[in-house]
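# Close look at the chain arrangement
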Amino acid sequence: MSIADNIASIQQQIHVACQRAGRSSADVQLMAVSKKHSAQSIQEAYGAGLRVFGENRVQEYASKREEFEAEEMFAADARPIFHLIGPLQSNKAARAVEIFDAIDTIDSLRLAEKLNQAAEKEKKIIPVLLEIKLSAEESKHGLLPQSAELTALLECAVDWRNLKIVGMMTVPPFAEDAELARPYFRRLREIRDALSREYPNITLDQLSMGMSHDFAVAIEEGSTCVRIGTAIFGARPM
Ligand SMILES: *Cc1c(COP(=O)(O)O)cnc(C)c1O
């Protein structure tokens, strides 16, 4: 199957999951996770109509971006947007702000402050998601729910002129059976609902959750953005 065929199939599955959940498929964005895949593959997904992509490393995306520009891969009036969906070190905050359209992995107050300063210098307003760690796994990043740091961050956020919090994201522990991810997705939505009541001035509309094998379950639990890599581009090269 081609990338375009895969995208059509996923769009159909998103549609079905939305119907089952009584939601509109217009409320669920399909993000193509293009990490480790070539600029040409991204162009193919773009050709099939996708406009939102996720990359997990600053340097990797910076190189692809140069290729896009050198090869004039996209129409000037219909540029794709790229989200950073991998962990970001503070020392790369400025570079990330320069090249990404959105950053979905805010996992500390310090990082958020750095990004706000960097965005001010760039004269950009960057939409961001708070990454919430719901799994005990070492390999997972994010702010802990009910932590003092999360509270402090939400209290400081009203002062940030160049960083706009728009929601939350999470990555549950990997399990073949998508049903095992359901409680994590549900928990993220509940945390979001509670914090929205507590901080009515902060918008937390977006819930980025669900990947290739569990996106249908994530949609049933309220996902507004599914991050799909393998099911679009095939297995990632090592
Ligand atoms: C790689 C990655 C994905 C995509 O995973 P697939 O299983 O290939 O769909 C989604 N989200 C994050 C944060 C990732 O790092």
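My aim in this report is to walk through the structure given alongside it, one point at a time. (Residues numbered from 1 in each chain as written. Predicted model: local features only at pLDDT ≥ 70, side-chain atom pairs only at ≥ 80, totals over all residues. Heavy atoms only, no water.)

## Examining the side chain of T224
Among the secondary structure elements, T224 is positioned in the loop between α8 (215-220) and β8 (225-228). The exposure class assigned to T224 is buried, which follows from its relative accessible area of 13%. Leaving out residues up to four positions away in the same chain, T224 has contacts with R23, D27, V28, Q29, D205, Q206 and L207. (Helix = DSSP H or I, 4+ residues; strand = E, 2+ residues; numbered from the N terminus. Buried < 20%, exposed > 50% of the residue type's maximum accessible area, 1.4 Å probe, protein only. Contact = heavy atoms within 4.5 Å.)

## Points about the site of the ligand
Looking at the ligand, the residues that line it are V33, K35, I85, V171, M211, S212, R227, I228, G229, T230 and R236. One nitrogen or oxygen atom from the side chain of R227 is found 2.8 Å from a nitrogen atom belonging to the ligand. Within the contact set of the ligand, an oxygen atom lies 2.8 Å away from a backbone nitrogen or oxygen of G229. Taking 390 Å² as the accessible area of the ligand by itself, protein coverage stands at 88%. Along the lines of polarity and charge, the residues of the shell around the ligand split into 5 nonpolar, 3 polar and 3 charged. (Near = heavy atom within 4 Å. Polar contact = N/O pair within 3.5 Å; in protein donor to acceptor, adjacent residues only side chain to side chain. Areas by Shrake-Rupley, 256 points an atom, 1.4 Å probe, with all protein chains shown as cover. Nonpolar A, V, L, I, M, F, W, Y, C, P; charged D, E, K, R; others polar.)

## Digging into the packing of aromatic side chains
What characterises a pair of aromatic rings is the spacing of the ring centres plus the angle enclosed by the ring planes. One pass over the structure, following the stated rule, counts 6 aromatic pairs. Relative to F100, the ring of Y61 lies with its centre 4.7 Å away and its plane at 35 degrees, an arrangement referred to as tilted. With Y61 in helix α3 (residues 58-70) and F100 in the loop between α4 (93-99) and β4 (102-106), this residue pair connects regions lying 39 residues apart in the sequence. Of the two residues examined, Y61 and F100, each falls in the buried class. The rings of Y46, F53, Y61, F68, F74, F82 and F100 are connected pair by pair, giving a single aromatic cluster. When the ring centre of Y46 is taken as origin, the NZ or CZ atom of R51, which lies over that ring, is 3.8 Å away. (Phe/Tyr/Trp six-rings, centres within 6.5 Å; stacked < 30°, edge-to-face > 60°. Lys NZ or Arg CZ within 6 Å of the ring centre and 35° of its normal.)

## Quick word on the environment of D104
Secondary-structure assignment places D104 in strand β4. Along the sequence, D104 and H83 sit 21 residues apart, while their C-alpha atoms lie 6.6 Å from each other. Ignoring sequence-local partners within four residues, the contact set of D104 consists of M31, H83, L84, I85, L129, E131 and M169. One polar contact links D104 to H83, side chain to side chain, over a distance of 2.9 Å.

Note that all results are geometric; they support no functional claim without further evidence.
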